[in-house]
Each structure stands twice: as C-alpha cells, then as structure tokens.
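Residue-level structural notes
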Amino acid sequence: MASKGRFGKYGGQYVPEIVMPVLNQLEEAYNRYKEDPDFLAELRKYYVEYAGRPTLLYYADKLTKHYGGAKIYLKREDLLHTGAHKINNALGQALLAKRMGKKRVIAETGAGQHGVATATVAALFGMECKIFMGAVDIERQKLNVFKMKLLGAEVVPVTTGTSTLKDATSEAIRYWAAHIDDTHYIIGSAVGPHPYPTMVRDFQSVIGREIREQIKEETGGRLDYLLACVGGGSNAIGTFYEFKDDAAVHKFGVEAAGRGSAIGDNAQTLSNPDSRPGVLHGAYSYLAQDEDGQVIEVYSISAGLDYPGVGPEHSMFHDQGVVKYVGINDQEALDAFQLLTKLEGIIPAVESSHALAYLDKLMPNTKKDEVVVVTLSGRGDKDVQQVARALGEEID
Amino acid sequence: MSRLENKFQELKNAGKKGLVIYITAGMPDAEATVRLVLEAEKAGADVIELGVPFSDPMADGPVIQAASYQAIQKGMTVKKVLEIVREIRKSSQIPLVAMGYVNNMLNYGFEKFTVDAREAGLDGFIIPDVPHEESGDMKKACAEQGLHLVEFVTPGTTDERISETCTTADGFIYCVSINGVTGVRKIDYGPINRVIEHVKNQTATPCAVGFGIGTPEAAVEAARQADAVIVGSAVVKRIMEGRTEEAMELIVSMRHALDEM
C-alpha cells in the first residue's frame with residue numbers, strides 16, 4: 001500500500017487506521033462521480049439555480065483609477081448564496097455524500113461560514129447535520145451559530161485544546177471515526193487527508209475556469225496577475241489551479257500577517273520564513289508549530305484565515321515558485337476593507353480584504369495595459385461589527 | 001530478540017495474557033512518570049506504552065487529550081520523554097513503547113529519533129496517525145535500530161489490508177476494539193475478535209486489544225481472542241485526579257483477572 005494523494009512531497013493520509021476504509025470508500029466514490037455526466041449535470045444545476053453561478057467578473061473602474069495602474073477586476077464569489085465561495089465545495093460534497101448513501105453530514109467551522117454553507121446544503125438535501133465549533137468561536141460568532149441552528153444543524157461546542165478551529169477539526173475527525181457508516185465529513189478547505197485536498201480543489205476550481213472564460217470576453221484573454229487570500233487555501237487553489245501552468249499569469253496567495261511577526265501573532269504558514277512542514281489533520285504540509293512540533297494557535301483579525309496549516313498543493317506551489325505567498329497585516333486589511341466599500345460600494349469579507357490590500361504593494365509596479373483579477377471570496381456583512389470595534393465604534 | 005518479543009514469548013510459554021498499560025509522559029511531571037511506570041510494573045504491567053503528548057491527538061478521547069494538553073503546558077517535550085526512558089532503564093527492563101503522533105517525531109527528525117530512542121532504551125513506537133500507506137520509510141528506519149513500529153487493525157479493516165499488515169507487522173499488532181477514539185465505555189468485542197481470528201491465521205505476531213477497556217471484567221472480555229489488552233484512559237484518569245493508588249489497584253485487579261482466565 002503506497003502513499004496516495006501527494007503533491008510533490010506534500011499531502012498523504014496521516015490518519016488513524018479506523019478512518020482508512022472510509023477514506024478509500026470516499027476516494028473510490030469521488031473517482032467514479034467526478035467524471036460522471038449525471039453527477040456533474042446535477043452539480044451544475046445547483047451551482048446555477050441555487051448558488052448563483054457563474055459569478056460576475058466585475059471591472060472595478062474606481063479602484064483602477066485610484067491606483068492608476070493595471071485594470072482591476074473582481075471575481076465576485078461574495079455574490080453566491082450564503083455569501084462566500086464555501087458553498088461551491090459544500091454542494092459538491094453533499095451531493096457526493098447523498099450518492100454514497102450517507103444520511104448525515106458533519107463539518108468543522110471557525111468563523112462559521114463553512115458551517116453555515118454545510119448547514120444550508122444539509123437543509124436543502126434533507127440530511128442530518130452536526131457542526132463542530134470551538135467554544136471560543138461560538139462566543140465570537142453568535143450570529144452564524146444562530147443561523148446554523150435555524151437551518152436545522154446541531155452546533156457542537158468543542159472545549160478541548162485551544163477551543164478554536166484546529167480543535168474543532170480534530171473533534172470532527174474523532175466523531176467521524178466513530179460514525180463512518182452513515183456520516184460524511186465535509187472538510188471546508190483544501191486540507192486534510194487524501195482525497196480531500198484534490199476533491200475540494202476540483203469543486204472550487206470552477207472559480208478559475210470562469211475567470212478564464214470571462215477574461216476572454218473582457219480583455220481578449222489578457223491576464224497578468226491573480227490575487228486570492230489563503231487560510232487553508234480553498235478559494236486560492238480554486239482561483240490558481242486553472243492557471244498553474246501559465247507562467248505569464250503572476251499568482252499571489254495572501255496570508256494573514258496579523259499583528260506582528262512573533263510566533264502566534266500571525267497566520268502566515270507559507271510566507272513566514274520560520275515555518276516548516278509537518279503533519280496536521282492528515283496531511284504533510286507547511287505548519288505553524290513550535291520547536292517541539294506542537295501546533296501553535298495562530299492569530300488574525302480574520303477568523304477565516306487563522307488556521308495553523310495550509311493545503312498541501314499550496315506547499316508544493318510555494319516550493320516550486322508557481323505561486324508567490326505574501327503577508328498582509330490586520331491594519332492593511334482593515335484599510336482595504338474600507339477602501340473597497342467607499343470606492344465601489346462593495347463590502348468585502350475581512351478574509352478577502354487581505355487579497356485586496358495586496359493591491360497597495362502590487363499596483364505601483366503595474367502598467368496600464370496590464371490586467372489583475374482579485375478573487376473576492378466572500379462578503380463582509382458578517383464582519384461589520386468586528387470592523388466597527390477595530391475602528392473604535394460601538395454598534396452593539 | 002527484543003525486550004518486547006521476549007516478554008510476549010514468556011507470556012505465551014506461561015499461557016498468560018499480557019497487560020499493556022498506557023501512561024502519558026509528564027503527567028503530572030517527569031519524576032512522577034518514572035515512579036508511576038515502575039509502580040505499574042510492580043502492579044502487574046507487562047509492557048508500558050509511554051504517551052508522548054501532542055497538541056492535536058486525533059485518535060484520543062477526552063481523558064488522554066486533557067492529559068496531553070496538561071503535560072505540554074507543564075513543559076513536556078520529546079527530548080524529556082527520552083530522558084524519562086533513560087531514568088526508567090536505570091532500574092527496569094520492562095518493554096517500553098512510545099505512543100505519539102507523527103508530527104513530533106518528524107519535527108525531531110525521524111531517523112535521529114529512532115537512534116536516540118534506541119540509545120535511551122525504548123523498544124518501539126505506536127504512531128496512530130501513520131497507517132500502513134505512510135509507514136514504509138519509518139518502518140525501515142525502525143528496523144535499522146532494531147525497534148518495532150506497531151501496526152493497527154480495526155473492526156473495519158478490510159481483508160486485503162489485514163493481509164498486507166500481517167506481512168509486515170512486528171512487535172505486536174494493535175487491535176482497535178471499536179470505531180472511535182480512546183476512552184472507557186461498554187464495547188462489543190465480537191467484531192474485533194473476528195478480525196483477530198483472521199490475523200492469527202496469517203501471522204504469529206501477538207495481538208493486543210485496546211480502546212475502551214476500563215474494568216477487570218472488560219479486560220477479560222477483551223482478552224478472549226487476543227494475547228494482551230491495552231489499558232489507557234482508565235489509568236490516566238485516576239492519575240490525573242491524584243488517585244494514583246487507585247490506578248495501581250486497578251492494574252493489580254486486571255492482572256489477577258487476566259491470570260485467572
């Protein structure tokens with residue numbers, strides 16, 4: 001039995017033996033359905049009629065004029081049902097789970113976006129749903145917790161370890177190990193053991209494929225820069241994958257530089273020179289860890305980016321230089337959040353604001369005939385309260 | 001023959017079932033761990049599984065999670081676990097296997113870890129997040145140092161996987177009693193017993209059943225097909241609550257129950 005699901009030296013299946021049969025079952029089902037015309041047609045139908053695909057590729061004229069360099073386009077994943085790209089993956093995996101005869105889906109969530117997306121598809125397909133969420137995050141994200149409950153999901157508080165996303169993920173895996181017969185685990189990012197990183201990438205790469213088609217219409221195909229934020233890295237891999245062999249398209253994955261460069265003050269898994277590969281949640285990939293190999297709790301103003309690991313394919317792209325990974329701190333993200341809101345009347349998620357903020361560094365080096373696309377992974381309604389607090393306004 | 005193989009041979013010759021006791025290293029501290037291991041040996045443990053605490057122990061239930069978390073907070077590290085082993089070896093030859101997660105070991109450098117582990121006096125490793133698919137290079141590194149890398153079967157392990165595992169297994173095979181994580185609960189041993197029967201047709205490597213065993217009765221129940229039982233959470237819980245005497249009494253009562261089988 002050889003190691004599977006490797007991206008260069010990264011990836012693999014570092015999970016307890018209990019989980020191996022169900023991973024094998026999942027891999028087999030995924031391989032069968034990923035090219036099955038009926039499955040793809042059904043997924044397409046839900047993408048179009050339920051989620052709202054294709055999403056717009058919006059020319060941000062005022063933002064372009066503001067910088068005075070390349071033309072800036074926004075890939076509007078924020079316009080999707082539930083407000084973020086997470087629904088692309090949740091729909092794909094729920095449909096797969098249905099075909100596999102699973103009656104229950106479970107998921108981990110940090111900020112609550114993936115939890116809401118999973119609870120939504122569970123409601124749509126009439127499946128039982130359990131969402132594992134750190135007790136600390138439940139306190140921080142009451143609105144999303146209530147949404148999930150309205151959608152019929154049970155939100156399970158996780159109080160082990162640091163009571164945040166990484167612990168919620170471990171707890172979801174533990175629950176799955178005990179309920180493999182009737183439960184499918186919908187991992188929310190391009191992380192975890194094989195086949196998850198591949199499967200999540202495939203479901204998200206509709207983003208990049210649409211960009212390719214739409215940019216043809218807009219610029220005749222000219223595209224010089226692609227920007228996306230990276231936590232676990234699902235919207236970024238979905239954006240970049242289609243262009244991985246196009247060396248002329250410069251790809252930037254933007255990580256959260258948080259409040260400083262000290263260990264635990266940021267969520268830079270790839271763009272931090274001190275970070276090195278390790279194993280978390282089933283995959284070998286770059287990992288925020290201390291000198292003894294304990295996984296550390298990372299920080300970002302954005303709850304969607306503060307995951308100590310990153311998808312294994314990103315680790316490979318990092319080593320190969322296919323994608324350049326960079327950091328944007330809390331303040332820069334907050335500034336970009338306000339800039340887009342004021343200039344374009346679009347409130348971006350704080351996660352996506354990290355990608356937007358990198359324009360500040362990129363644009364001075366661009367030419368007017370060049371083209372940049374930023375993936376706006378989600379909308380910022382959920383973040384308004386937190387941004388108000390960060391700006392010193394009380395709206396509670 | 002390694003200490004571990006010797007022990008299982010002795011047990012077999014005597015017609016006895018083995019008792020493997022798990023103890024989290026550094027809980028409550030390094031000195032206590034050395035003492036607890038030696039006491040557990042006196043109480044009747046045949047093999048000690050020394051837990052190397054990891055921040056994200058995916059295969060463990062609440063008790064061992066909490067023990068690992070606290071041990072890390074108190075400063076336990078991989079290096080210190082090896083120091084504990086050296087300390088134990090000053091007065092005991094009980095087989096010692098380190099149970100830990102792969103990240104700590106990769107971080108230490110796996111080959112270096114095998115060299116240092118052998119030098120310290122360890123006999124092998126149990127790494128629950130390394131399934132057969134990922135164990136190839138590690139298996140080789142262990143073999144070079146004469147160490148065992150314990151492999152797993154579960155009630156859901158397919159026949160094909162069982163056969164592959166049986167061809168490479170050494171030391172003992174960790175037979176997980178139930179789909180789930182560590183922690184005491186009532187378990188139907190039927191499914192894992194059927195897997196063990198299958199294993200025994202293919203290899204002479206001893207089988208040890210673990211997960212969920214908390215009482216002498218459960219130990220007897222679990223040991224029917226197997227060569228040994230593994231007890232973790234039930235012991236660790238008592239240690240964490242400061243009831244170490246009760247932890248040792250539990251080991252004694254399990255020893256008696258197994259010896260009367």
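This write-up is about the structure you can find in this document. (Residues numbered from 1 in each chain as written. Chains lettered and ligands numbered in written order. Predicted model: local features only at pLDDT ≥ 70, side-chain atom pairs only at ≥ 80, totals over all residues. Heavy atoms only, no water.)

Residues and elements named next belong to chain A. Taken in spatial order, the six strands line up as 3-4-14-9-10-13 in an open sheet, and their pairing is mixed. Only two strands of the sheet have a single neighbouring strand rather than two, namely strand 3 (57-59) and strand 13 (324-329). Across the sheet, the mean angle from the axis of one strand to that of its neighbour is 30 degrees, orientation sign disregarded. When strand 9 (residues 225-229) meets strand 14 (residues 371-376), the two strands line up parallel, connected through three bridges. The residue of strand 14 that forms the bridge with Tyr 225 is Val 372. Packed on one face of the sheet, helix 10 (residues 206-219) meets strand 3, strand 4 (71-76), strand 9 and strand 14 and runs near 140 degrees to strand 4. (Pairing = 2+ DSSP bridges. Helix = DSSP H or I, 4+ residues; strand = E, 2+ residues; numbered from the N terminus. Axes fitted to C-alpha atoms, helices over the stretch in contact; angles between N-to-C directions. Contact = heavy atoms within 4.5 Å.)

Our next topic: helix 4 (residues 86-99) of chain A. Residue and element names in this part refer to chain A. Over its 14 residues, helix 4 extends 20 Å from the first C-alpha to the last, a length consistent with the 20 Å expected when each residue adds 1.5 Å. Most of helix 4 is tucked away, with twelve of its 14 residues classed as buried. Three or more residues of helix 4 are buried, namely Lys 86, Ile 87, Asn 88, Asn 89, Ala 90, Leu 91, Gly 92, Gln 93, Ala 94, Leu 95, Leu 96 and Ala 97. (Expected span 1.5 Å × (residues − 1). Buried < 20%, exposed > 50% of the residue type's maximum accessible area, 1.4 Å probe, protein only.)

A common way to report how large an interface is uses the accessible area buried once the components associate. Each side of the interface is counted separately: chain B has 39 residues, and chain A has 41 residues. Here chain B meets chain A over a buried area of about 3,100 Å², counting both sides, of which 53% is carbon and sulfur. Together, Met 58, Glu 133 and Glu 134 of chain B form the three largest contributors to the area buried by chain B at its contact with chain A, with a combined 22%. Between the two partners, chain B and chain A, sit three salt bridges. For the salt bridge of Glu 17 of chain A with Arg 161 of chain B, the shortest nitrogen-to-oxygen distance reads 2.8 Å. Inspection of the region where chain B meets chain A yields 25 residue pairs in polar contact (both at pLDDT 80 or more). Breaking the side of chain B that touches chain A down by element, the ones donating at least two residues are helix 3 (62-73), helix 5 (102-108), strand 6 (151-153) and helix 8 (159-168) of chain B. If you tally residues by element for the side of chain B that touches chain A, the top one is helix 5 of chain B, at five residues. Taken together, the residues of the side of chain B that touches chain A break down into 20 nonpolar, twelve polar and seven charged. (Buried area = accessible area lost by both parts, 1.4 Å probe. Salt bridge = Lys/Arg side-chain N within 4 Å of Asp/Glu carboxyl O. Polar contact = N/O pair within 3.5 Å; in protein donor to acceptor, adjacent residues only side chain to side chain. Nonpolar A, V, L, I, M, F, W, Y, C, P; charged D, E, K, R; others polar.)

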